[in-house]
Amino acid sequence: MALVHYPVVNRNSEVIASAITNLDLHDLARLSRTYNMPGCYIVTPLKDQQSLAKRLIAHWCGGVGKELHPSRCEALRCLRVVDDIAQVRQDIRREWGEEPTVWATTASRQATALPYREARRQLSESGPKLILLGTAWGLAPSLLQGIDAVLETIRWEGTYNHLSVRCAAAILVDRLLGSGP
Ligand code: SAM
């Protein structure tokens, strides 16, 4: 899974870099650890944002932070702070020896989306899979080029479906990896 802070769009559809939030990092790290996902990438080219994320991870994975809340470290060490999606792909290639299948996510209904049943089937086949999650007003259109599919939008049939990225991630990860009905 990769939480993208650049390139994303703002409310005027302009491409921007968004700010990292403490809440996203904690919640996505716990989600990754709970579902035994191999890693969660935090994508931002901004060096001050990268050091903020690394400081947060270091705080809970060392010294008093780790002593007080060892399970917090167990989750936060799933996070990998990187510059861009190219670096994510490179990291996965190095670790898995092959290119990942990349799935994007969006709150907008897609005419040709990948249904969860088919995504689960593909997950049961070998090869790494990468899910892109947006921040701000969502992933920039440029990121949707060169991906393999857009996952089916959660609740696209309703009149309101703008979930926080944390809620969306939890729902879609459980649909893909959960053992429920
Ligand atoms: N600042 C916001 C927050 O509170 O998290 C960021 C919103 S961001 C646009 C939400 C991201 O969560 C989207 O880019 C997408 O990755 C995912 N998302 C939100 N609603 C979704 C839906 N209905 N279906 C699929 N993904 C969704």
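Check the entry above for the structure.
What follows covers the site of the ligand. Residues in contact with the ligand amount to 16 residues; listed here are only the nearest, Thr105, Gly134, Ile154, Asn161 and Val165. Backbone polar atom of Thr106 to a nitrogen atom of the ligand: 3.2 Å apart, as the coordinates give it. At a separation of 2.9 Å, a nitrogen atom of the ligand approaches a polar backbone atom of Asn161. Relative to its unbound accessible surface of 580 Å², the ligand loses 81% to contact with the protein. The element that contributes the greatest number of residues to the shell around the ligand is helix α7 (residues 165–177), accounting for 3 residues. Of the residues belonging to the shell around the ligand, the class tally is 8 nonpolar, 7 polar and 1 charged.

Every buried residue belonging to helix α6 (residues 116–123) is among Tyr116, Ala119 and Gln122, and all of these are buried. End-on view of α6: buried residues confined to an arc of 120°, all on one side of the axis.

Another point: the pattern of salt bridges. Applying the stated criterion across every chain yields a total of 10 salt bridges. In this structure, Glu95 and Arg80 form a salt bridge, with 2.9 Å as the shortest nitrogen-oxygen distance. Residue Glu95 is found in helix α5 (residues 85–96), and its partner Arg80 is found in strand β5 (residues 79–82); the two are separated by 15 residues along the sequence. For Glu95, a relative accessible area of 45% gives the class partly exposed. You can call Arg80 partly exposed: its relative accessible area is 23%. Residue Arg121 is joined to Glu125 by a salt bridge in which the shortest nitrogen-to-oxygen separation is 2.7 Å. On the accessibility criterion, Arg121 (42% relative accessible area) is partly exposed. A network of salt bridges, in which partner residues are shared, links Arg80, Asp91, Arg94 and Glu95.

Thresholds applied
Residues numbered from 1 in each chain as written. Predicted model: local features only at pLDDT ≥ 70, side-chain atom pairs only at ≥ 80, totals over all residues. Heavy atoms only, no water. Near = heavy atom within 4 Å. Polar contact = N/O pair within 3.5 Å; in protein donor to acceptor, adjacent residues only side chain to side chain. Areas by Shrake-Rupley, 256 points an atom, 1.4 Å probe, with all protein chains shown as cover. Helix = DSSP H or I, 4+ residues; strand = E, 2+ residues; numbered from the N terminus. Nonpolar A, V, L, I, M, F, W, Y, C, P; charged D, E, K, R; others polar. Buried < 20%, exposed > 50% of the residue type's maximum accessible area, 1.4 Å probe, protein only. Arc of directions from axis to C-beta. Salt bridge = Lys/Arg side-chain N within 4 Å of Asp/Glu carboxyl O.

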